[in-house]
Amino acid sequence: MKIKPLGDRVLVEPLKEEEVKKGGIIIPDTAKEKPQEGVVVALGTGKLDDDGKVVPFNVKKGDTVLMPKYGGTEVKMGGKEYQIMREDDILAVIG
Amino acid sequence: MKIKPLGDRVLVEPLKEEEVKKGGIIIPDTAKEKPQEGVVVALGTGKLDDDGKVVPFNVKKGDTVLMPKYGGTEVKMGGKEYQIMREDDILAVIG
Amino acid sequence: MKIKPLGDRVLVEPLKEEEVKKGGIIIPDTAKEKPQEGVVVALGTGKLDDDGKVVPFNVKKGDTVLMPKYGGTEVKMGGKEYQIMREDDILAVIG
Amino acid sequence: MKIKPLGDRVLVEPLKEEEVKKGGIIIPDTAKEKPQEGVVVALGTGKLDDDGKVVPFNVKKGDTVLMPKYGGTEVKMGGKEYQIMREDDILAVIG
Amino acid sequence: MKIKPLGDRVLVEPLKEEEVKKGGIIIPDTAKEKPQEGVVVALGTGKLDDDGKVVPFNVKKGDTVLMPKYGGTEVKMGGKEYQIMREDDILAVIG
Amino acid sequence: MKIKPLGDRVLVEPLKEEEVKKGGIIIPDTAKEKPQEGVVVALGTGKLDDDGKVVPFNVKKGDTVLMPKYGGTEVKMGGKEYQIMREDDILAVIG
Amino acid sequence: MKIKPLGDRVLVEPLKEEEVKKGGIIIPDTAKEKPQEGVVVALGTGKLDDDGKVVPFNVKKGDTVLMPKYGGTEVKMGGKEYQIMREDDILAVIG
């Protein structure tokens, strides 16, 4: 079973705290808008520009990304949790 | 009797909980914006782009989709419940 | 006496409950945004696109449509009630 | 003394209740957004489209129109009351 | 000393009540959005359209206009009061 | 040390009350949106139009301008106070 | 480990108060919207214009910038604090 996000949405699997690498990015507890790390699992069908052409994604499958904690929709599949969110809500690629 | 949605709307028949396949997608009870599964029953007349051409749909009749629970308008026909919603509100195709 | 709606508006005559056909569409009482059925009586002068051309309507005179109950403006003429509403607010054509 | 509305505005003289023809349009007292009848007295200078061309009006001087009661600005001139409103706020031409 | 408004703004000198001509326009006290009369004293530098060309003004220096009472910014110069407001907020030219 | 504003922002040094010339512009205490005078100290990098070309500024270095009192961001440099604000928020050039 | 911001976002390292040069910019305590200084550490992938071309950034790596204190998202990496924010929220380049 697969999830194909629609439009400019992507499917992201949030990383559990124990998976976040040592010496990696730490989100301060005092941060106003708390981001979290995740891995891109699937890209959407793509947004169309004014000429009807598909706008390419800036992220790709397998990218580790920094995303807002409450920016997407949570779904669960095969025992794993995912987030479906618009690509523009992703803050950065970590690598 | 048929329902032809207008513009970029689609007609979706929500799946009852007993129809959701085992090992499928589970929506956590704690999810902020609770999505549900459904099957696309009819596509709309299509949205027009700036050049007056019909923008093709990303979903097709028969697709199982993930959609927000309160994103559409409920109607009942022949004893069945449906939702009429804009395609952009559909989160993903499941397959 | 005739009413010619302006722009992308249409004139719709709501169907009384006894006129709604048996086996037809039933709007659940629990529906959040309650739609109702009606018949298109007149199309507007049409909306202009960016090139100044009239955008054609997706509905036509005589169509039975599903529309939000409080999406238009009520008027009464010759003892009958009508709604003037923008075409984009019409949910679907029933046929 | 004359009033020349600016842009896509028009000058409308509301009809008094005794002027509304028999068998004409009746606005139900229960109507959520109460419209009233009026006669177009002057068209504005016109709105410009993206190419800088004046968009033609859909109404003309002398048209009887249906308009929202509180959609314009009231002015009084030579003992008569008028409304200055944007053409897009006019619901329909009656004829 | 001169004031040159920026963009689509104009400088208007409101007429005092004793300057408003007899038989002229009367603003009813019950008017929801009370307009007032004024004389255009200076035009702005002009708004640019999508092609970078200056959009011409519909009003000119010396025009008597009808404007909303609280639509602009009050300034005082040489003992006189003025309003700086966007041209689109001016309702009509009176002549 | 220099401040180069970004985009359509400008750097303005507000005039102190004793610097405002006699017979100049007086802002009434009763003004709803109180403007103040200032001198343009630096222009921004410029806003880009739809074709990617820089839109020229309507103000230039050295211009005395009328601006809303709370429309910008205050900064202090070398003992002087400045405001960084978008050019569209400047009301007029005084000269 | 690197952070590559997405779209028109940039990664900025805020300067600590002891790093702010003498005779430099002082933000008054009474400032309504308090800005702070920082150094641009990484540019994003860039925003696309209507023709699908990447819009160039106005800031570059190493620029000292003036930015609103609460305009971005805080992240911590290798013991240092950063802000991810959209370039349009940066007020000025200092140099």
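Procedures and definitions
Residues numbered from 1 in each chain as written. Chains lettered and ligands numbered in written order. Predicted model: local features only at pLDDT ≥ 70, side-chain atom pairs only at ≥ 80, totals over all residues. Heavy atoms only, no water. UniProt positions renumbered as here; feature names shortened; annotations may be inferred. Helix = DSSP H or I, 4+ residues; strand = E, 2+ residues; numbered from the N terminus. Buried < 20%, exposed > 50% of the residue type's maximum accessible area, 1.4 Å probe, protein only. Areas by Shrake-Rupley, 256 points an atom, 1.4 Å probe, with all protein chains shown as cover. Salt bridge = Lys/Arg side-chain N within 4 Å of Asp/Glu carboxyl O. Polar contact = N/O pair within 3.5 Å; in protein donor to acceptor, adjacent residues only side chain to side chain. Contact = heavy atoms within 4.5 Å. Pairing = 2+ DSSP bridges. pLDDT = per-residue confidence, 0-100.

Under an unreviewed UniProt entry, the name given to chain A is Co-chaperonin GroES, and the organism recorded is Tichowtungia aerotolerans. What UniProt records for chain A under Sequence similarities (unreviewed entry) is the sentence "Belongs to the GroES chaperonin family." One UniProt comment on chain A, placed under Subunit (unreviewed entry), says "Heptamer of 7 subunits arranged in a ring. Interacts with the chaperonin GroEL."

Caption draft 1: Expanded view of the overall build of chain A. A tally of regular secondary structure across chain A gives zero helices and eight strands. In chain A, the succession of α and β elements from N to C terminus is β-β-β-β-β-β-β-β. For chain A, the residues scored as buried account for 46% of the 95 residues in total. About 5,100 Å² of surface is accessible on chain A, with carbon and sulfur atoms providing 49% of the total.

Caption draft 2: Summary view of the pattern of salt bridges. The full count for this structure, using the stated rule, is 21 salt bridges over all chains. Here Lys60(G) makes a salt bridge to Asp63(G), at a shortest N to O gap of 3.1 Å. When its relative accessible area of 11% is taken as the criterion, Asp63(G) is described as buried. Overlapping salt bridges, with partners in common, bring together Asp8(A), Arg86(A) and Asp88(B) in one network.

Caption draft 3: The arrangement of the side chain of Asp8(B) in detail. All names here are of chain B. Structurally, the position occupied by aspartate 8 is in the loop between β1 (3-5) and β2 (9-14). Residue classification places aspartate 8 among the buried residues on the basis of a relative accessible area of 15%. There is a polar contact of 2.8 Å between the side chain of aspartate 8 and the side chain of arginine 86. For aspartate 8, the contacting residues outside a window of four places in its chain are Gly46, Lys47, Phe57, Met85, Arg86 and Glu87.

Caption draft 4: Seen up close, the environment of Val12(E). Residues and elements named next belong to chain E. With respect to the helices, strands and loops of the structure, valine 12 is situated in strand β2 (residues 9-14). Separated by 72 residues in the primary sequence, valine 12 and isoleucine 84 place their C-alpha atoms 6.4 Å from one another. Among all residues touching valine 12, those that are not within four sequence positions of it are Gly38, Val39, Val40, Val41, Val65, Met67, Tyr82, Gln83 and Ile90.

Caption draft 5: Fine view of the pairing of strand β7 (residues 80-86) of chain B. All names here are of chain B. Taken together, the four bridges between β2 and β7 define a ladder with antiparallel strand orientation. Of the residues in β7, the one forming a bridge with valine 10 is methionine 85. The sheet contact formed by strand β6 (residues 73-77) and β7 spans five bridges and is antiparallel. Opposite lysine 76, over in β7, you have glutamate 81 as the bridge partner. As consecutive antiparallel partners, β6 and β7 are separated by two residues, and within that stretch glycine 78 has a phi angle of approximately 60 degrees, a positive value.

Caption draft 6: Broad picture of the confidence of the model for chain A. Per-residue confidence for chain A gives a mean pLDDT of 85, with 81% of residues at or over 70. Mean pLDDT per element in chain A: strand β3 (residues 25-26) of chain A is the minimum at 62, and strand β2 (residues 9-14) of chain A is the maximum at 96.

Caption draft 7: Broad picture of the environment of Asp88(D). Residue and element names in this part refer to chain D. By the secondary structure assignment, aspartate 88 is in the loop between β7 (80-86) and β8 (92-94). Judged by its relative accessible area of 44%, aspartate 88 falls in the partly exposed class. When the C-alpha atoms of aspartate 88 and valine 10 are compared, they prove to be 9.8 Å apart, with 78 residues separating the residues in sequence.

Caption draft 8: The arrangement of the environment of Ile90(A) in detail. In this structure, Ile90(A) sits in the loop between β7 (80-86) and β8 (92-94). Taking the C-alpha atoms as reference points, Ile90(A) and Gly71(A), 19 residues apart in sequence, are found 8.6 Å from one another.

Caption draft 9: Geometry of the pairing of strand β4 (residues 35-43) of chain D. Residue and element names in this part refer to chain D. Sheet topology note: the strand β2 (residues 9-14)/β4 ladder contains five bridges and is antiparallel. Note that in β4 the partner of glutamate 13 across the bridge is valine 39. The pairing of β4 with strand β5 (residues 64-68) spans five bridges and is antiparallel. Bridge pairing in β5 links glutamate 37 to leucine 66.

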